[in-house]
Amino acid sequence: MSAIGSTQYSEDEKRWAQLMVSSQAGDDAEYGCLLQEISVVIDRYLRGRFGHHDFVEDCVQDTLMAVHQARHTYDPCRAFRPWLFAIVRHKAIDALRAQRRRDVLIDSSATEQLNELEGEASEDHEQQISSGRLINSLDQPYREAIMLTKLIGLSTAEAANQLRISEGTLKVRVHRGIGRLKKMIEAEPV
C-alpha cells in the first residue's frame, strides 16, 4: 500500500472508530454518517470480489443491519476495520450460501416443470411448442432464456454469458418462462 493509501486507510480507521464511539453514546447524526461511509466501502469490497451480482446489494444491507445489531460489541480499544470486515465476511458467506440454495431450488423446480410440461403436452400442444407459437408468445427475456437452454442446449453459464446476465437471473427467467408456458397450455381448450 502506498503512503497516500496508507494515510487514507489510517484516517478512515480513526474517523470510523470515533463515529462508532459517538453512535454508541447515542449520537444519531454521527451514526448515520458512519453507516453512509461504510456502506460505500462494503459495496466496493463485495463488488471487487464477486462482481455485479444481484445478491451484493442485499448483502450490503444485511451487513449494515448486522453492524447495527452488533454495534454495542465494538470495543473502542481495538481497531474498527477488523471488527467491521469480520461482519462483512460472515454476511457475504451467508449470502453466497443463500444464493446457492436459491439456484438449486430454481434448477430443480424448472426441471420438474419442464418434465411435467413435456409429460402433459398433447400432440397438438407439442406441435404448437415446436412450431414456436407458444414460445413466441412469451416475453422476450423468458423466450430467449428457454430457447438458449432448453431448445438450443446451451449450459446455464453459456446462455447467461450470451445474454449478459447472471446465471441466477437466467435460471429465474427459465423457471418463470416454463411456468408461463404451462399456464398457457392449461388455459387452452383440449
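(A) Summary view of the overall build of the protein. For the protein, the helix and strand inventory stands at nine helices and zero strands. Counting helices and strands in the order they occur from the N terminus, the protein gives α-α-α-α-α-α-α-α-α. For the protein, with 190 residues in total, the buried portion stands at 37%. Counting only contacts in the protein whose residues sit at least 6 apart along the sequence, the fraction spanning at least 24 positions is 64%. Entry remark: accessible area of the protein is about 11600 Å², with carbon and sulfur atoms responsible for 51%.

(B) Quick look at the side chain of S166. Structurally, S166 is set in the loop between α8 (156–163) and α9 (167–187). Looking at S166, the relative accessible area reads 18%, which means it is buried. At a separation of 2.8 Å, a polar atom in the side chain of S166 contacts the side chain of T169.

(C) Molecular detail of the packing of aromatic side chains. Evaluation of the coordinates by the stated rule reveals five aromatic pairs. Joined through ring pairs, the aromatic side chains of W16, Y74, F80 and W83 make up one cluster. A cation over an aromatic ring shows up here: R71 above the ring of Y31, its NZ or CZ 4.2 Å from the ring centre.

(D) View of the confidence of the model for the protein. A residue-level look at the protein finds 74% of positions with pLDDT of 70 or above and a mean pLDDT of 79. Averaged pLDDT values over the elements of the protein bottom out at 47 in helix α5 (residues 123–131) and peak at 91 in helix α2 (residues 28–50). In this model residues 121–131 is a low-confidence stretch, pLDDT under 50, and it forms nine contacts with partners more than four residues away in sequence or in other chains.

(E) Summary view of the pattern of salt bridges. Under the criterion given, the structure shown has seven salt bridges. Residue D12 is joined to R15 by a salt bridge in which the shortest nitrogen-to-oxygen separation is 2.7 Å. Of the two residues, D12 and R15 both sit in helix α1 (residues 3–24), three residues apart, roughly one turn of that helix. Relative accessible area serves as the criterion here: at 12%, D12 is assigned to the buried category. When the shortest N-O distance is used, the salt bridge between R81 and E13 registers 3.7 Å.

(F) Seen up close, α8. Within the span of α8, buried status applies to A159, A160 and L163. Down the axis of α8, the smallest arc covering the buried residues is 100°, so these residues share one side. The exposed set on the far side of α8, more than 90 degrees from its buried face, consists of N161 and Q162. R164 occupies a position one or two residues after α8 and carries a positive phi of about 60°.

(G) Examining the environment of M147 more closely. Among the structural elements, M147 can be located in helix α7 (residues 140–151). By relative accessible area, which is 33% here, M147 ends up partly exposed. When the C-alpha positions of M147 and A159 are compared, they lie 9.4 Å apart, and in sequence the two are 12 residues distant. Discounting chain neighbours no more than four positions away, the residues touching M147 are I135 and I152.

(H) Structural detail: the nonpolar core. Core analysis: the biggest nonpolar cluster contains 27 residues, and L34, I38, I42, L46, F80, W83 and L84 have the highest contact counts within it. Broken down by secondary-structure element, the contributors of at least two residues to this core are α1, α2, α3 (54–70) and α4 (80–120). Leaving out residues up to four positions away in the same chain, W83 has contacts with M20, V67, A70, R71, T73 and Y74. Core analysis: the next-biggest nonpolar cluster, separate from the first, contains 16 residues, L138, I165, L181 and I185 among them.

Criteria and cut-off values
Residues numbered from 1 in each chain as written. Predicted model: local features only at pLDDT ≥ 70, side-chain atom pairs only at ≥ 80, totals over all residues. Heavy atoms only, no water. Helix = DSSP H or I, 4+ residues; strand = E, 2+ residues; numbered from the N terminus. Buried < 20%, exposed > 50% of the residue type's maximum accessible area, 1.4 Å probe, protein only. Contact = heavy atoms within 4.5 Å. Areas by Shrake-Rupley, 256 points an atom, 1.4 Å probe, with all protein chains shown as cover. Polar contact = N/O pair within 3.5 Å; in protein donor to acceptor, adjacent residues only side chain to side chain. Phe/Tyr/Trp six-rings, centres within 6.5 Å; stacked < 30°, edge-to-face > 60°. Lys NZ or Arg CZ within 6 Å of the ring centre and 35° of its normal. pLDDT = per-residue confidence, 0-100. Salt bridge = Lys/Arg side-chain N within 4 Å of Asp/Glu carboxyl O. Arc of directions from axis to C-beta. Core = buried A, V, L, I, M, F, W, Y, C linked by side-chain atoms within 4.5 Å.

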